[in-house]
Amino acid sequence: MHSLCFLPPVFICSFMVAAPIFGYLGDRFNRKVILSCGIFFWSIVTLSSSFISKEYYWLFVLSRGLVGIGESSYSSISPTIIGDLFTNNSRTMMLSIFYLAIPLGSGLGYILGSGAKEAAGDWHWALRVSPLLGITAGALILLFVPEPKRGSADQGGRVKARSSWCCDMKALAKNRSYVCSSLASAAVSFATGAFGMWIPLYLYRAQVVQKTAEVCSKDICSSKDSLIFGAITVVTGLLGVAIGLAATRLCRQRTERADPLVCAVSMLGSAIFICLIFVVAKKSIVGAYVCIFIGETLLFLNWAITADILMFVVIPTRRATAVAFQSFTSHLLGDAGSPYLIGLQPCVINGPQ
């Protein structure tokens, strides 16, 4: 297996280990400060890792682990601040806007990273673009984002007193809505983890089989499929979150179970179109991209809805812990292993060998 294949699991494992810690801190200390420090830490480590030479590969692996720690602080705490600033449909809308960062950031990562790599002829430059944006975002959060009182948007600000960590975990384990939504998030994470790693390579190989592309033997191969996939991810992320927001608002007028029903229908539809990709790609790359577009739109439709469900079913004083352990479960059962379980072959960095 190529040594670079160890980088994703190192990042994900450190993310999983750190998430419960930040969840605990987020329920008890100033969330804005923790959030900003995590972003600064992530940005500095990412930028520094771009200057590590191949002789110090172990140091590069360590840096990826540290990046996971920084990102876990952000993902565990941010939704809880939004949850305390807004309620009902307003909270759904704001969480939807926030969760646009998942597909939007993923897609822009493909585009900016590939563009920087090809422009400089060196993949290190792909790690030097986002840290500058991260430092800017961290500074803006520290200076302008308020630190709301926990539960200020719920029940007129009257919430239960803070309980111990063990009590929090027992309550979450008995919360069936939370447990089921966490397992569903793991299923989505499983799909997106394998999707992002294998789809661009699969489409490239399909074109080689159709003789519309040549086998790449260079150190830096054309990233056309990654760029197209990234662009589709950006568009479908925006579209999916917008459709999810509209669908839940409409369905809430008819049933109290609108949120889980919308998530269930979207996941089922996404699974159908993702399976069709592997059938259609044998004859038409354009048709495969159409299936990717529809499948990703349906897949991203439930990101914000799942977070909104958590805000409704978990009390404010244990939401950061709940978000953290949902992230832990999603990665442990999802994208921590899905790329390798789906691929079942050596990791390929530059194309078919």
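Refer to the structure above for everything that follows.
This one's a predicted model, so the numbers in the text were calculated from it and none came from an experiment. (Residues numbered from 1 in each chain as written. Predicted model: local features only at pLDDT ≥ 70, side-chain atom pairs only at ≥ 80, totals over all residues. Heavy atoms only, no water.)

K.L.:
I'd like to hear about the environment of Ala126, residue by residue, with values.
P.N.:
As for its position among the elements, Ala126 is in the loop between helix 5 (101–120) and helix 6 (130–144). Spatially, the C-alpha atom of Ala126 lies 6.9 Å from that of Ser114, the residues being 12 residues apart in sequence. (Helix = DSSP H or I, 4+ residues; strand = E, 2+ residues; numbered from the N terminus.)

K.L.:
Let's hear about the nonpolar core: which residues, and what values?
P.N.:
Leu95, Tyr99, Tyr178, Leu310, Val314 and Ala322 are the most contacted members of the largest nonpolar core, which totals 18 residues. Those elements that place two or more of their residues in this core are helix 4 (88–99), helix 8 (176–209), helix 11 (285–300), helix 12 (303–313) and helix 13 (319–333). Here this core gets 5 residues from one element, more than from any other, and that element is helix 12. Ignoring any residue separated from it by four or fewer positions in sequence, one finds Tyr99 in contact with Pro79, Val241, Trp303, Ala304 and Ala307. Phe229, Ala288, Tyr289 and Ile292 belong to the second largest nonpolar core, which has 14 residues in total. (Core = buried A, V, L, I, M, F, W, Y, C linked by side-chain atoms within 4.5 Å. Buried < 20%, exposed > 50% of the residue type's maximum accessible area, 1.4 Å probe, protein only. Contact = heavy atoms within 4.5 Å.)

K.L.:
Quick one: what's the story with helix 11, residue by residue and with numbers?
P.N.:
Over its 16 residues, helix 11 extends 22 Å from the first C-alpha to the last, a length consistent with the 22 Å expected when each residue adds 1.5 Å. Listed as buried for helix 11 are Ile285, Gly287, Ala288, Tyr289, Cys291, Ile292, Gly295, Glu296, Thr297, Leu299 and Phe300. Taking the backbone nitrogen of Gly287 as reference, a side-chain oxygen 2.9 Å away marks Ser284 as the first, capping residue of helix 11. (Expected span 1.5 Å × (residues − 1). Polar contact = N/O pair within 3.5 Å; in protein donor to acceptor, adjacent residues only side chain to side chain.)

K.L.:
Which residues make up helix 3 (residues 57–85), and what values go with them?
P.N.:
The end-to-end C-alpha separation of helix 3 is 43 Å, in line with the 42 Å expected for 29 residues at 1.5 Å each. Residue Ile77 marks the point of greatest curvature in helix 3, where the axis turns by about 25°; the proline Pro79 follows within four residues. (Bend = angle between axes of the 7 residues up to and from the residue.)

K.L.:
With reference to specific residues and values, describe the pattern of salt bridges.
P.N.:
In the structure shown here, the tally under the stated rule is 8 salt bridges. Notably, a salt bridge pairs Glu147 with Arg31, separated by 3.2 Å at the nearest N-O pair. A residue pair is termed long-range when its members are at least 10 positions apart, and Glu147 in the loop between helix 6 and helix 7 (165–174) and Arg31 in helix 2 (residues 31–49) qualify at 116 residues. For Arg252, the salt bridge is made with Asp308, and the minimal N-O distance between the two is 2.8 Å. (Salt bridge = Lys/Arg side-chain N within 4 Å of Asp/Glu carboxyl O.)

K.L.:
So what's going on with the packing of helix 4 against helix 12? Residues and values would help.
P.N.:
Helix-helix packing: each pair is described by the crossing angle between the helix axes and the interaxial distance. One way to put it is that helix 4 packs onto helix 12 with a least axis distance of 9 Å and a crossing angle of 135°. Classified by the angle their axes make, helix 4 and helix 12 are oblique. You can see that helix 4 and helix 12 cross each other, and the crossing is right-handed. From helix 4, Asn88, Arg91, Thr92, Leu95, Ser96 and Tyr99 reach across to helix 12, where they touch Trp303, Ala304, Ala307, Asp308, Met311 and Phe312. (Axes fitted to C-alpha atoms, helices over the stretch in contact; angles between N-to-C directions. Parallel < 35°, antiparallel > 145°, perpendicular 65-115°, else oblique. Left-handed = near helix turned anticlockwise from the far one by under 90°.)

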